[in-house]
Each structure stands twice: as structure tokens, then as C-alpha cells.
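Report on the structure
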Amino acid sequence: MPDSALNTAEQFTPQPVKTNLLGLSVSKLGDFFEQLGEKRFRATQMVKWIHQMGEQDFDQMTNLSKSLREKLHETAEVRLPEVVSCQDSTDGTRKWLIKVEGGSCIEMVYIPEKDRGTLCVSSQIGCALDCSFCATGKQGFNRDLSTAEIIGQLWIAAQSFDQFAAKAPRRVSNVVMMGMGEPLMNFNNVVDAMNLMMEDNAYGLSKRRVTLSTAGVVPALDQLAGVTDVSLAISLHAPNDELRNELVPINRKYNLAQFVESAKNYIEKMPDNRRKATVEYTLMDQVNDRSVHARELAILLKDLPCKINLIPFNPFPGSDYKRVTNTALNRFRDILQGEGYTVTVRTTRGDDIAAACGQLAGEVNDRTKRQQRYKNKLAAEEVPIKLLD
Ligand code: SF4
């Protein structure tokens, strides 16, 4: 056999696949330890080591016996996604570019406010839903993130703020599943990751502080009502089907009436009757910002316990839409408030590092070819090819 063939054969000797413990729930960790011939209570110890103390090295896990640590070295690992870059905005917003298995990159953003720190977490590499005003949608779609890749984002943020140190303040007090991707299209992994976020022996976030945002995958939202009661945000962006069919194409499959009804059912099943859905409405100049739209929205939402969050559109290179004017924004808000709704206006954060809402793009190895079509469009219009800086 020639040397080169031998080298190639050696190079590709398959390595035993190790179980990544990062994304396993307490119950799945219990199964894992049982298979190793250990007691199930080891699962709680492991969750605390990984998610409360930020430990990846089995040798530092001092309440595990030496023989167990040896077994763990052979069979398991705590493998995190790789941080490629971390940028800080002048307003305190922090954005990470994170490489996941397969080479694509996702983005994650932390937004500090007076009384909280919110981490916006991604659930997929890109997004298949192709909302017409969204930078992520323009990147196309690659795959769902694993539970480890989702919870790994919170781990990375916690470590970056030194949150694993004893008695350290909890800088990440809230998580919103609002980054890249539609969380309900990655149902099981997202639910498992949210459960770890709320697990007392892990991050211990209350269900009020974990929010899932959906563009309207109605059957999955119906299903969610049976498995969790995290806070819910619904991304509407239009008050009637004709307009929403253009802005949020999944509306052609599940229309507004179905979506709002499903959200209402979800809210009604929550044990705490004070809870409300948050309605996200991105305002775009001359598209969905007229008085008639505000009045239609008020009627559409009349039976849904909710508050409304208005988001001025953040333009990105080649986007077809413009930011709402202040006059139209104030008029829209006043009409809704006049109808008795609680309305907030999202202030733009992290604009200087392209971390503002709707600007997350990452680097997606696009399987849908949508990215290429978009790049062709930008080239034809002589807009710089790169989607975002
Ligand atoms: S707005 Fe949300 S659902 Fe729509 S394309 Fe963007 S990430 Fe996907």
C-alpha cells in the first residue's frame, strides 16, 4: 500500500462519538448515567456543574468519583459552539457571532436595560419562513439548531458576563427566543432548551422571563400549550390577511384568525390569569402604518389578552422597506392606546453593530438558494453584496 493511501486511511479512522452533555435535560442525563451503571441523582450534579458553575472539565467536578470521571472522559464531553466574535455597541448591547457544527454562524444579542438584561437567542440556522422585511429570512435556511446549540448560547452569554462565579449578579435575567429562526419549527429542541433555562438546578429563570416568539405556526402553537407555559410573543406585523400574506408568507397557510385564536387558547391555558401575549408589530413606512391599519388591529385583537409592542423597521442593505416616520408611529400608537391597549415602542438598540431587531443575519450555508437569489437582486440593483457588516 503506498504511504499516501496509508495516511489517508489513518486520517479517517472513525473516532468514537461522545455524548454532548450540554444539551441533555435532567431526565435525559438520568438515563445517560443509568446506562453508565450510575445512580440517576448524578444528573442533578452534572446539570449544576455545567449550567450553574459553567464547568466543562470533568476533572474539576470534585463530587464525582475518580472512576466515574474516567468513564465520562471515555464516553462524554461538554461541547460548546465556538465564539467567532463579540462586539459591544455604544449603548451596551453585545452581539456574538457563533459558529455551529457544519460551519454556519448564528448571531445572538444581549440588550441591557435599567431593570433587566435580555438575551435574544437563535433557534435555527437561517429561517425558512422568508418574511419579506427580515434580514434572517434573506439568508435562506440550513438546519435546526440542536438543544446544545440553543442552550449553549445562554451558557456563552453567562460566561461572558462572569455569571458563573459564586454570588455573581445575574446579568442575563430574561431570554427571548426571537433571534434567527422560527422556534416552533424546531419544536422539541426549543422546548428542551427552554426547560433547561427554567430548571432550578441550571439557570433558574422563571417562566415569565422566558419568551417564545412565533410568526404563526398554528398547529405547533396549539401543541405548545400542552407542554409549557412560557411567555408568548406573536409576530403579527399586519392587521389583515391580504397584507400579512405579503409580509409573512406562512399566513397563507395559517391565517390571522387561526393564529390569534391559537394564541388566545395558549394564554387561557396558562395557570396565571394575569398573563398576556405580546403582539409584535414592525412598522414600515407606507406599508402597514396607516390609521386604518391601527384600527383594524384593535378590532382583530379585541378578544386576546395582550399588550402591543411597536417596532420601527430597521432597514438593511437592499431591503424593500423604509423606517416608519415618527408622525405615523405616534399616530398608530395613539389610536391603539385610545382603544384601551397597553402599547410600548421598542427603542432601537445596537444599531451600530447591526444587532437591532430584524437585522440578525449570521453566515448561513443556505440550502434553499434564497440567499443567492437575494444576492443577485442586490447585484442587479448595485447594492453592496454583503447583507450586513
Ligand atoms: S421574521 Fe422571524 S419567522 Fe420571519 S423570516 Fe425572520 S426569523 Fe423567520
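Residues numbered from 1 in each chain as written. Predicted model: local features only at pLDDT ≥ 70, side-chain atom pairs only at ≥ 80, totals over all residues.

**Side note on the confidence of the model for the protein**
Put simply, the protein has an average pLDDT of 89, and 88% of its residues get 70 or more. Counting interchain partners and residues more than four positions distant, the pLDDT-below-50 stretch residues 1-9 has 1 contact. Residue range residues 384-389 is modelled with pLDDT below 50. Its contacts to residues more than four positions away, or to other chains, number 16 contacts. (pLDDT = per-residue confidence, 0-100. Contact = placed C-beta atoms within 7 Å.)

**Quick word on the site of the ligand**
All residues in the neighbourhood of the ligand are listed as C127, L129, D130, C131, C134, T136, G137, M180, G181, E182 and A215. For the shell around the ligand, the class distribution of residues is 6 nonpolar, 3 polar and 2 charged. (Near = placed C-beta within 6 Å. Nonpolar A, V, L, I, M, F, W, Y, C, P; charged D, E, K, R; others polar.)

**Re the environment of K276**
Tracing the backbone shows K276 in the loop between α10 (256-269) and β12 (277-283). On the basis of neighbour counts, which here come to 14 C-beta atoms within 10 Å, the residue K276 falls in the partly exposed class. When the C-alpha positions of K276 and Y266 are compared, they lie 9.8 Å apart, and in sequence the two are 10 residues distant. (Helix = DSSP H or I, 4+ residues; strand = E, 2+ residues; numbered from the N terminus. Buried ≥ 20, exposed ≤ 12 C-beta atoms within 10 Å, placed from the backbone.)

**A closer look at helix α2 (residues 26-35)**
Inspection of α2 places L29, F32 and F33 among the buried residues, and these make up the whole buried set. Seen end-on, α2 carries its buried residues on one side only, within an arc spanning 95°. The exposed set on the far side of α2, more than 90 degrees from its buried face, consists of S27 and Q35. Each element contacted by the buried residues of α2 is listed here: β1 (19-20) and α3 (42-52). Following α2 by one or two positions, G37 adopts a phi angle in the positive range, close to 85°. (Arc of directions from axis to C-beta.)

**Some thoughts on the packing of helix α6 (residues 147-160) against helix α7 (residues 187-198)**
Two elements in contact, α6 and α7, have axes separated by 8 Å at closest approach and are oriented at 35°. Here α6 runs over α7; the crossing is right-handed. Packed against α6, whose contacting residues are T147, I150, I151 and L154, the element α7 presents N189, V190, D192, A193, L196 and M197 at the interface. Looking at side-chain class alone, the contact of α6 with α7 contains 7 nonpolar, 2 polar and 1 charged residues. (Axes fitted to C-alpha atoms, helices over the stretch in contact; angles between N-to-C directions. Left-handed = near helix turned anticlockwise from the far one by under 90°.)

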